[in-house]
Amino acid sequence: MKAVDLNCDLGESFGSFVVGQDELILKHITSANIACGYHAGDHNVMAKTVKLAKENEVSIGAHPGFPDLLGFGRRNIQTDREDIYNFVIYQISALQGFCKLHNVPLHHVKPHGALFNMASGDAVMAEAIAQAVYDTDPSIVLFGLSGGELTKAGMKVGLTVANEVFADRTYQPDGTLTPRTQENALIHDTDRAIEQVLTMVKEGTVRAVNGSIVPIQADTICVHGDGANALAFAQKLQETLIAEGITLSPVKKGIRNDT
């Protein structure tokens, strides 16, 4: 029987500005990636989201990004390895504090937005992130784009890694995500997105935008929590995967294939 993790980026509200329906989406996922205050979220939102995730028995992950609240962490920032290493440790440690407060482990780290995308193709950035995660806590699982530099760097440093795939994003022939600046970057049709997920999980492939078939490993599936139909999509995806005989569970230590 195949098993897969279902993760969602949460805790992205800020002050009086509410983003997403975190409390409801938590009922349909197995892992939460909680913003750490640099691209979204704040100390109050982090505290609340950790508490909610614990109550729903959802694994908790840190979601560090570039220091870019104005651009929601989706703008590329050119910086050096030391800066990346330090701001990743800073953000992970902030969320760890709230995890300790609520007596729940920090399970994984998934970089956000531009940081995630840049590190997927840049070995130096990937190594800085992986080393920061390892030096903070070597038991933490590192999420990275399936087949990308981040998972390679994580394995090299000795971390457990999870190859991540995306339900609502299109893919390029080289296995990277289509940039959000392009019109065809997002899949808006729910049935098409779910069909893509089932193919990735059951067949280990994805159809790129040019029609080519790309091999892919799906350990964890990302659903975005800030879309207009995010809740309905998460619920339908959860129901479909279970109906297909696929077990939903957080990523465990060791690289997952079929379990």
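Structural data are supplied above this passage.
All of these numbers come straight from a predicted model, not from anything done at the bench. (Residues numbered from 1 in each chain as written. Predicted model: local features only at pLDDT ≥ 70, side-chain atom pairs only at ≥ 80, totals over all residues. Heavy atoms only, no water.)

Caption draft 1: A look at unusual backbone geometry. With a phi angle near 55°, glutamate 57 is a residue other than glycine that sits in the positive phi range. Structurally, glutamate 57 can be placed in the loop between α2 (43-55) and β3 (59-63). When its relative accessible area of 74% is taken as the criterion, glutamate 57 is described as exposed. If you check the backbone angles, asparagine 103 has positive phi at about 55° while not being a glycine. Inspection of the secondary structure assignment puts asparagine 103 in the loop between α3 (81-101) and β4 (106-109). (Helix = DSSP H or I, 4+ residues; strand = E, 2+ residues; numbered from the N terminus. Buried < 20%, exposed > 50% of the residue type's maximum accessible area, 1.4 Å probe, protein only.)

Caption draft 2: Region of interest: helix α8 (residues 230-243). Counted at 1.5 Å a residue, the expected span for α8 with its 14 residues is 20 Å, and the 20 Å between its end C-alpha atoms agrees. Of all the residues in α8, the buried ones are Ala230, Leu231, Phe233, Ala234, Leu237, Gln238, Thr240 and Leu241. In this structure, the buried residues of α8 make contact with β1 (3-10), α1 (22-25), α7 (190-203), β9 (220-224) and β10 (247-248). Looking one or two residues beyond α8, the residue adopting positive phi is glycine 245, at roughly 80°. (Expected span 1.5 Å × (residues − 1). Contact = heavy atoms within 4.5 Å.)

Caption draft 3: The pairing of strand β5 (residues 141-145), seen in detail. Counting buried positions along β5 yields five of five residues, so the element is predominantly enclosed. As defined by bridge partners, β4 adjoins β5 across two bridges and the pair is classed as parallel. The residue of β5 that forms the bridge with histidine 108 is valine 141. Sheet analysis places β5 next to strand β6 (residues 160-166), joined by five bridges and oriented parallel. (Pairing = 2+ DSSP bridges.)

Scope: geometric values only; no functional claims are made or implied.
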